[in-house]
Amino acid sequence: MLKIRRAVAGNIVYSAVNSMPVIFHEPNLQFGAVREVDGASVLIMANDLSCRHSGVEYAVELGSFVLIASPQSDLVATISSIRMQEITEKGAQVERKLVACTLVGFLRDGVKFERGIERYPTVGSGAYLMTADALNSMFSPTEQTLDVGERCQRGGGKEQVLIDKMFGRHTAVLGTSGAGKSWTVASLLQ
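The following paragraphs examine the structure supplied in this document. Only a predicted model underlies this, so the values are computations on that prediction, with no experimental measurement involved. (Residues numbered from 1 in each chain as written. Predicted model: local features only at pLDDT ≥ 70, side-chain atom pairs only at ≥ 80, totals over all residues. Heavy atoms only, no water.)

Describing the overall build of the protein chain
Threshold: Only runs of H or I of at least four residues qualify as helices and only runs of E of at least two qualify as strands under DSSP, and these elements are numbered from the N terminus. The contact criterion used is simple: two residues touch if any of their non-hydrogen atoms lie within 4.5 Å. The Shrake-Rupley method, run with a 1.4 Å probe sphere, supplies the accessible areas, and residue values consider only the shown protein chains as cover.
The helix and strand tally for the protein chain stands at three helices and 14 strands. Counting contacts in the protein chain only where the partners sit at least 6 residues apart, residues at least 24 apart contribute 49% of the total. Accessible surface, the protein chain: about 11,400 Å² in total, of which carbon and sulfur atoms supply 50%.

Here you go:
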């Protein structure tokens, strides 16, 4: 079992595994701000739909994880829709980029992903795209895991499941014909 020790200073996480700092609120990756909160849905007005950081292009894409930096706690959401809205402002046509997100969890102690919502974001909270290092740090396991694939988000890293929870509970593998259900079950058993 791999134990990971972490120390937190502001929004920078220092991991004992690689001793490299992980920044969750990377200024270059802020793409917008929260405009509306409705239950588990958050509407973000985006300034940009892509950002460049350390030579890597990050984009607002469906299904991607984003961080909402609320004063109470950092929240994690997935992008569920992206749309353009044309409005008339001061007599001129203006396009607004609107990104709808579904809240899925929060960062416990500003570091570790936990499902559910303790507090909701406030209007005006910043929305950030996340680096692969931030995703890996946030989802890094503290128990024995099994690699099951890669996250669909660009630079998203490996997706892992906790072995005890996967085989100690009911598990379903669903998909259309030819999606790879049999291959997935065979791979898990191997």
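From this point, the narrative continues.
Topic: helix α1 (residues 132–139)
Note the following rule: Think of it in three bands: residues with accessible area under 20% of the maximum for their type are buried, residues over 50% are exposed, and the middle band is partly exposed, with areas taken using a 1.4 Å probe on protein chains only. This arc describes the spread of directions from the helix axis toward the C-beta atoms.
Here α1 has its buried residues at A134, L135, S137 and M138. Mapping the buried residues of α1 onto a view down its axis gives an arc of 165°, with all of them on the same face.

Looking at a nonpolar patch on the surface
Heads up, the condition is: Patches here are clusters of residues that have more than 30% relative accessible area and form no salt bridge, with a 9 Å joining cutoff for like charges and a 5 Å cutoff for nonpolar side chains (Val, Leu, Ile, Met, Phe, Trp, Tyr). Here, a salt bridge means any side-chain nitrogen of Lys or Arg that lies within 4 Å of a carboxyl oxygen of Asp or Glu.
Side chains of V173, V185 and L189 sit close together on the surface and give an oily, nonpolar patch of about 260 Å² of accessible area. Mapped onto the elements of the fold, V173 is located in the loop between α2 (163–167) and α3 (181–189).

Brief notes about the pairing of strand β5 (residues 41–46)
Short version of the rule: Strand pairing is assigned whenever DSSP identifies at least 2 bridges connecting the two strands.
The sheet contact formed by strand β4 (residues 30–38) and β5 spans six bridges and is antiparallel. Its bridge partner lying in β5, E36 is registered against L43. In this structure, the hairpin formed by β4 and β5 is closed by a connection of two residues, where G39 is found at a positive phi of approximately 65°. Pairing of β5 with strand β10 (residues 92–108), which is carried by six bridges, proceeds in the antiparallel orientation. From the neighbouring strand, S41 faces β10, where its bridge partner is T102.

What to know about the nonpolar core
Test applied: Buried Ala, Val, Leu, Ile, Met, Phe, Trp, Tyr and Cys residues form a nonpolar core when they are joined through side-chain atoms within 4.5 Å.
Formed by 20 residues in total, the largest nonpolar core has its most connected members in F31, I44, V66, I68, V99, C101 and L129. Broken down by secondary-structure element, the contributors of at least two residues to this core are β4, β5, β8 (65–69), β9 (74–89), β10 and β12 (126–129). With four residues, the single largest contributor to this core is β10. Setting aside residues up to four positions removed in sequence, V66 forms contacts with F31, L75, V76, A77, I79, C101, Y128, L129 and M130. Grouped together as the second largest cluster of nonpolar side chains are 12 residues, V22, F65, Y128 and L135 included.

Considerations on the pairing of β4
Bridge count for β4 against β12 is three bridges, and the pairing is antiparallel. The residue of β12 that forms the bridge with A33 is G126.

Looking at the pattern of salt bridges
Going through the model one piece at a time under the given rule, you end up with two salt bridges. Salt-bridge contacts for R52 lead to E57; the nearest nitrogen and oxygen are separated by 3.1 Å. Note on E57: relative accessible area 32%, which makes it partly exposed. A salt bridge links E89 to R96, with the nearest nitrogen and oxygen atoms 3.2 Å apart. A residue is classified by how much of its surface remains accessible, and E89, at 36% relative accessible area, is partly exposed.

Regarding unusual backbone geometry
Notably, S54 is not glycine yet its phi reads approximately 50°, a positive angle. With respect to the secondary-structure elements, S54 resides in the loop between β6 (50–53) and β7 (56–59). Of note in the backbone geometry, K90 takes a positive phi value of approximately 55° without being a glycine. Checked against the element boundaries, K90 lands in the loop between β9 and β10. With relative accessibility at 85%, the residue K90 sits in the exposed group.

Some words on the environment of R83
In this fold, R83 is placed in strand β9. C-alpha separation for the pair R83 and V99, spaced 16 residues apart in sequence, amounts to 6.5 Å. Residues in contact with R83, not counting those within four places in the same chain, are L43, R96, K97 and L98.

Examining the environment of S137
Relative to the helices and strands, S137 resides in helix α1. Considered as a pair, S137 and V22 are 115 residues apart in the sequence and their alpha carbons are 7.4 Å apart.

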